[in-house]
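# Chains, contacts and geometry: an overview
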Amino acid sequence: MTNATLKQLSQQLAAGAVSSVELATHYLDRIEALNPQLNAFITVDRARTLADAAAADAARAAGNAGLLTGVPMVHKDIFCQQGWKTSCGSKMLDNFISPYSAHVVEQCNAAGLITLGRANMDEFAMGSSNENSYYGAVKNPWDLNAIPGGSSGGSAAAVAARLTPVATATDTGGSIRQPASHCGVTGIKPTYGVVSRYGMVAYASSLDQGGPIAQTAEDCALMLNVMAGFDERDSTSLERAREDYTRELNQPLAGLRVGLPREYFAEGLDADVAKVIEDAVAELKKQGAQVVDISLPNTELSIPAYYVIAPAEASTNLSRYDGVRYGHRAAEYKDLVDMYEKTRAEGFGAEVKRRILVGSYVLSHGYYDAYYLKAQKIRRLIANDFKAAFEQCDVILGPVAPTAAFNIGEKSGDPVQMYLSDIYTLSVNLAGLPGMSVPAGFDRRGRPVGLQIIGNYFGEAKMLNVAHQFQLATDWHTRAPAL
């Protein structure tokens, strides 16, 4: 039961081999035993989870069950969920009980999935290491001295530690793919607009995108079937026909053109990570894939462009946290302006303040053209690089991060070094493309390394097919940390 995939648990529930209450109890017991050392959860409500599981069992007994009815899951604490605390990893929202649910949560509820709890995360999704949470750092299940990656580190750590078969997550600059890579699990960020952002607490609105983290590509496909879909409440949600993301999973890879960007294998890439990616590419070649040398010349510019655009949007989005309507409010203040200042000083952590200040600066009079407008032009150049690349190949492969997970505290004193760890993921968000991470091996310290697969717009099914075929031939995704 512990190592069962989402699909296997669905089959066991359908066969009557296990009940939803039994499954939920099993995972809740593991969370109670292991979360004190991992810190992967912010909120767990055993009574509520078991009540929902009992209702799922009743629905199944009455013949009203869907494919995933009664399967337990976890939500990243960035998705509003009615009646649950939605903190976004921040003191600012530590007392916020959401009065409504995000579209993603509604979709999961409609599918019959059962919430085990709310996963820890970098505050307002700002971070690459999950050290920025008000509730403390999340630990990597493979090595408790290591970071799990961020900002969806709680979701990835929970799946890796087998505290849940699946978790929702979000990706603004790599926050699904990077923690999935560092924790040895599978995660996918779909094309921008495929998953509704309604009820997903905003960081950078033109970059944020929700997606699933699970053990396998097949599980991610099943979850994407649930999470994706048009939502009129989100102006960026794409109105397009629903698709079955499992439809291409069993297609052979013969003739698949795999692009390897030379910029992804240049100076700065750890030798262990490079070896893992080379071995993964060799496996796909054995299955008939053809390797194509490509170039993404503006890759290096993705970091400065992202760290202008994202903070600019964050400074606007986070202006709503002022102590007036909801969330934290300073206990003592002299007047309205003093209340604003003290509330925001107390409620936001250091990294959030840093990005708000940067964003406010680049949007200020006299600097907008020099920074923000120029960053948006670079963003277009990056998108054009991918457009040209996809004329030569079907998918792009490479590393997720330059190294495997680093130690907790190792880069916390140097924000620039922390930002550089996102170099292979940021450009995908700037272009709005889909991308995913698949477990592909380990470095010399036994820390997981992920293979990044990047697809063309709406190419999720093709990416998932590549990942699934890779996982049929390897066992990296089946390996679990010894806890």
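Now for a quick tour of the structure. (Residues numbered from 1 in each chain as written. Predicted model: local features only at pLDDT ≥ 70, side-chain atom pairs only at ≥ 80, totals over all residues. Heavy atoms only, no water.)

### Regarding the pattern of salt bridges
The test is simple: By salt bridge we mean one thing: a side-chain nitrogen of Lys or Arg within 4 Å of a carboxyl oxygen of Asp or Glu. Each helix is a run of DSSP H or I of at least 4 residues and each strand a run of E of at least 2, with the numbering of both proceeding from the N terminus. The buried label applies to any residue whose accessible area, calculated with a 1.4 Å probe on protein chains only, is under 20% of its type's maximum; exposed applies above 50%, and partly exposed to all values in between.
The full count for this structure, using the stated rule, is 25 salt bridges. We note a salt bridge from Arg46 to Asp29, for which the minimum N-O separation is 2.9 Å. You can see Arg46 sitting in helix 3 (residues 46-61) and its partner Asp29 sitting in helix 2 (residues 20-38), a full 17 residues away along the chain. Given a relative accessible area of 39%, Asp29 falls into the partly exposed group. Lys342 is the salt-bridge partner of Asp338, the closest N and O atoms lying 3.2 Å from each other. Residue Asp338 and its partner Lys342 are both found in helix 10 (residues 336-347); the two are separated by four residues, about one turn of the helix. Taken together, the shared-partner salt bridges in this structure form one network comprising Arg240, Glu243, Arg247 and Glu248.

### Brief notes about the environment of Leu34
This is how the line gets drawn: Two residues qualify as a contact provided that any one of their heavy atoms is within 4.5 Å of a heavy atom in the partner residue.
Within the secondary structure, Leu34 sits in helix 2. Judged by its relative accessible area of 11%, Leu34 is buried. Expressed as a C-alpha distance, the spacing of Leu34 and Lys334, which sit 300 residues apart in the sequence, is 45 Å. Once you skip the residues sitting within four places of it in the chain, Leu34 turns out to touch Ala161, Leu163 and Leu483.

### Some thoughts on the side chain of Thr49
With respect to the helices and strands, the residue Thr49 is situated in helix 3. Residue Thr49 is classed as buried on the basis of its relative accessible area of 0%. Sequence-distant contacts of Thr49, defined by excluding residues within four places in its chain, comprise Ala24, Leu28, Trp84, Ile114, Thr115 and Leu116.

Note that every value here comes from positions in space, so none of it alone points to a role or purpose.
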